[in-house]
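# Architecture at a glance
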Amino acid sequence: MAKPPTLKFDSLALHAGQKPDPATGARATPIYQSASFVFRDTDTAVGLFNIERAGHVYSRLSNPTNAVLEERIATLDNGVGAIATASGQAAMHLAIATIVSAGEHIVASRSIYGGTHNLLDYTLRRFGIDTTFVDPRDLDAFASAIQPNTRLVFSEVVGNPGMEVLNIPEVAEIAHEAGLPLLVDATFTTPYLCRPIDFGADLVMHSATKFLSGHGVVIGGLLVDGGTFDWQGSGKFPTLSEPYAGFHNLNFAEEFGPAAFITRARKEGLRDFGACMAPNTAFQILQGIETLSLRMQRHMENTEVVVAFLEQQEQVESVNHPMLEAHPDHELAKAILPKGSTAVFSFNIVGGRAAGIKFIENLKLFSHLANVGDAKSLVIHPASTTHHRMDSVALDKAGISEGLIRLSIGLEDAADIVADLKSGLRASQRGL
Amino acid sequence: MYTQVNDQKTFYSNGNGKIIKGQPNVVFIHGAGHDHSVWVMPSRYFARHHYNVFALDLPAHGRSSGPPLKSIDAMADWICAALDVLDVDAAAIVGHSMGSLVALNFAARYASRTRVLALLGTSTPMPVTDVLLNAARDNEHDAFDMANTWSHSPFGEMGGNENPGISMMMSGQRLLERTPEDVYFADLNACNAFADGDRLATQITSASLMFVAAQDKMTAPASALKVAQLIPQCRVIHLNPCGHAMLSEQPNTVLDGLASIV
């Protein structure tokens, strides 16, 4: 029996979470630029605070514009719910703060965004949360790093900037066998390329600043709850399975079932840490998501052209992209990222650090900046920017050499992108 | 909260309230493959308004143990046994979908213990299509996909939840996916086999309220209205746009309606 027809990804990217505005009939999602919302009466006010009624109280907790974005990403990721946050880092922090407490532990891939590394390796240790970093390709390392006080396993779908593809089904199984959820950062892939929850991940976070927006004009994050993890059965998550004095002894797993995590994250994490998204930002991200499929297709088409070009250049030592047969995760990428594994990738330039600097400074079309996933092509030298806090040992562990260049391939004409790279590569070798 | 009903561990939510003798009682009965969590908002509302709330997990559902009950009659008898254990003499009986059949059956056969009746998404009979029944019998995931999709209106499928940031479709799907093997089939089979609804509807003596959703594909509006006409004192609240998953699609209107009778 075929499944009943449901709306497809491209339709949901345009419509999920939004009805024409009930007040005005506006087709586009209105920006509800309001800090607070008027109560019908006192009893309704209490009901909203006490989770008896659905609606909005104060925009730190929820906002109608943000709610459209939250429901849209939850729908695209096959999650039960989502929360829009001030940044990707805020989404990451919200995920951790909801289920990990002082004295507990995280197992994380060592090939992750530098900002996330800072949070895990420096800041959270100050709050009593330790992290063990492992090679994301080493499944045994994930298993053996899990301790009795571990509460979370974390990785990026595609490692940054090492380009390791996470074996989501296997790592999820390792986590679940230990009674732990798997959180993945899917910023590079977006739900267009990969829906991690379908492969076993329990929680997903995005820096919505990147491909989801595409325009690079806002900072925002999204945290998605798959609704798949059994918080009660695990027995390791009292914040979800025991009465919470901070909300009149509410037991989130008991009362909200599959939506326990995302409800606690909103009712505690957004309430108390306050890293909410501005409604204007949510609107901008929604504009990006409307064209996500079209943009991601073009990003991947251009990436294929660029990777093929770089492979042929004598100034290039190696190209690191899962689409290449020589990449260690090529077969895995075909299985879990069949539409392409990302438009962000890296290569090593002949001549190391000096050549890398010359290359970047001679590019005209590419922008040298600390971002990825823009409509415009971007370039950066990780060792001196995003990962500059890591010493040489840590850099080496993260698979970053001094000549590593990270590219984020944009939506320009592929011929123009290639021409700019060719010019930069020529310049990179002068005077070496 | 846990208790023992017919020697089986039984869970009920009291909506974070207190059970105090003398307060009015309200019993919530969930639908096929569901559990008490579908009633979270009305449970919390009535608990705050000084009701004794009993949002029960039927056997084999949610946090309750035991084998699934095989018929609507057996479920209504089980509700009676649960009320005995919980020391509840009479209560407002509220049911959704399969739970509405249980509520209707209970209200007709245990009239003295039914203060008022509220039915959401009902139909007598409540036939279940063979493709869904067969998929549930074979414990195929398609059964959840079919039921969940058909439980939402086109508007519900699109989203725009009153409850911020929550996907109605995926919440329903994940809840069904928690159902143990063979339980969903037992539920659907009980609905499909329930043949005495029209006669029982005429015997209901309590004030009653029926919620009818305009885009309900699981229990068609015309069928629901027919049941409402058979119940001697039945008021109807029309929900539009709304599908069978009315607690998700129209939570505030449903709550206001329940508050008007419970």
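Reading the values: rules and limits
Residues numbered from 1 in each chain as written. Chains lettered and ligands numbered in written order. Predicted model: local features only at pLDDT ≥ 70, side-chain atom pairs only at ≥ 80, totals over all residues. Core = buried A, V, L, I, M, F, W, Y, C linked by C-beta atoms within 7 Å. Buried ≥ 20, exposed ≤ 12 C-beta atoms within 10 Å, placed from the backbone. Helix = DSSP H or I, 4+ residues; strand = E, 2+ residues; numbered from the N terminus. Domains from an automatic or database assignment. Contact = placed C-beta atoms within 7 Å. Nonpolar A, V, L, I, M, F, W, Y, C, P; charged D, E, K, R; others polar. Pairing = 2+ DSSP bridges. Axes fitted to C-alpha atoms, helices over the stretch in contact; angles between N-to-C directions. Left-handed = near helix turned anticlockwise from the far one by under 90°.

A few words on the nonpolar core. Ranked by internal contacts, the top residues of the largest apolar core, which has 212 residues, are Val-27 and Val-94 of chain B. With 8 residues, helix H3 (residues 98-109) of chain B is the single largest residue contributor to this core. Each of domain 1 (14-288) and domain 2 (293-428) of chain A accounts for three or more of the residues forming this core. What Val-27 of chain B contacts, discounting residues up to four positions off in sequence, is Phe-54, Leu-56, Ile-79, Ala-91, Ala-92, Ile-93 and Val-94 of chain B.

The next point concerns the domain arrangement of chain A. Residues and elements named next belong to chain A. What the domain assignment lists for chain A is domain 1 (14-288) and domain 2 (293-428). One C-alpha centre belongs to domain 1, the other to domain 2; they are set 29 Å apart. Facing 27 residues of domain 1, the contacting portion of domain 2 comprises 35 residues. Elements supplying a minimum of two residues to the side of domain 1 that touches domain 2: helix H5 (114-126) and helix H8 (190-193). Taken together, the residues of the side of domain 1 that touches domain 2 break down into 11 nonpolar, 12 polar and 4 charged.

With that out of the way, let us pick up the sheet that holds strand E2 (residues 8-13) of chain B. Residue and element names in this part refer to chain B. What the 8 strands build is an open sheet, ordered E1-E2-E4-E3-E5-E6-E7-E8; its pairing is mixed. If you trace the sheet from one side to the other, it starts and ends with strand E1 (2-5) and strand E8 (234-239), each paired once. When the angles between neighbouring strand axes are averaged without regard to direction, this sheet yields 25°. Examined bridge by bridge, E2 and strand E4 (residues 52-56) share 2 bridges and lie antiparallel to one another. Note that in E4 the partner of Ser-13 across the bridge is Ala-55. Seen against the sheet, helix H2 (residues 72-85) touches E1, E2, strand E3 (25-29), E4 and strand E5 (91-96) and runs at an angle of roughly 120° to E1. Contacts between H3 and the sheet are confined to E3, E5 and strand E6 (114-120), with E5 contributing the most and set at about 145° to the helix.

Time to look at the environment of Gln-147 of chain A. Within the element layout of this structure, Gln-147 of chain A appears in the loop between helix H6 (139-145) and strand E4 (150-156). As a C-alpha pair, Gln-147 of chain A and Ser-367 of chain A span 220 residues in sequence and 43 Å in three-dimensional space.

Once that is clear, we can look at the packing of helix H4 (residues 130-137) of chain B against helix H8 (residues 183-193) of chain B. Residues and elements named next belong to chain B. One way to put it is that H4 packs onto H8 with a least axis distance of 8 Å and a crossing angle of 145°. Of the two possible hands of crossing, H4 and H8 adopt the one that is left-handed. Contacts between H4 and H8 pair Leu-132, Leu-133, Ala-136 and Arg-137 from the former with Tyr-184, Phe-185, Leu-188, Asn-189 and Asn-192 from the latter. Residues belonging to the contact of H4 with H8 are distributed by class as follows: 6 nonpolar, 2 polar and 1 charged.

On to the sheet that holds strand E1 (residues 81-85) of chain A, then. Backbone-to-backbone hydrogen bonds join strands into a sheet, with any given pair of strands oriented parallel or antiparallel. Residues and elements named next belong to chain A. An order of E1-E7-E6-E5-E4-E2-E3 is seen for the 7 strands of this open sheet, with the pairing classed as mixed. The sheet is open, and its two edges are formed by E1 and strand E3 (130-134), each paired on a single side. The mean angle between the axes of side-by-side strands here comes to 20°, regardless of whether they run parallel or antiparallel. The pairing of strand E2 (residues 105-109) with E3 spans 5 bridges and is classified as parallel. For His-105, the partnering residue across the bridge sits in E3 and is Asp-130. Running over the sheet, helix H4 (residues 88-99) touches E1, E4, strand E5 (182-185), strand E6 (203-207) and strand E7 (221-225) and is turned about 35° from E7. Against the sheet, helix H7 (residues 168-177) contacts E4 and E5, and its axis sits at roughly 145° relative to E5.

So, about the environment of Leu-225 of chain B. All names here are of chain B. Among the secondary structure elements, Leu-225 is positioned in helix H10 (residues 221-230). Separated by 219 residues in sequence, Leu-225 and Asn-6 place their C-alpha atoms 35 Å apart. Dropping the residues within four chain positions of it, Leu-225 is found in contact with Val-212 and Val-236.

What follows is about the interface of chain B and chain A. Between chain B and chain A, the contact holds 35 residues from the first and 43 residues from the second. Listed by contribution, the elements that provide at least two residues to the side of chain B that touches chain A are helix H1 (40-48), H4, helix H5 (141-150), helix H6 (154-158), helix H7 (168-177) and helix H12 (251-259) of chain B. A class-by-class count of the residues in the side of chain B that touches chain A yields 15 nonpolar, 12 polar and 8 charged.

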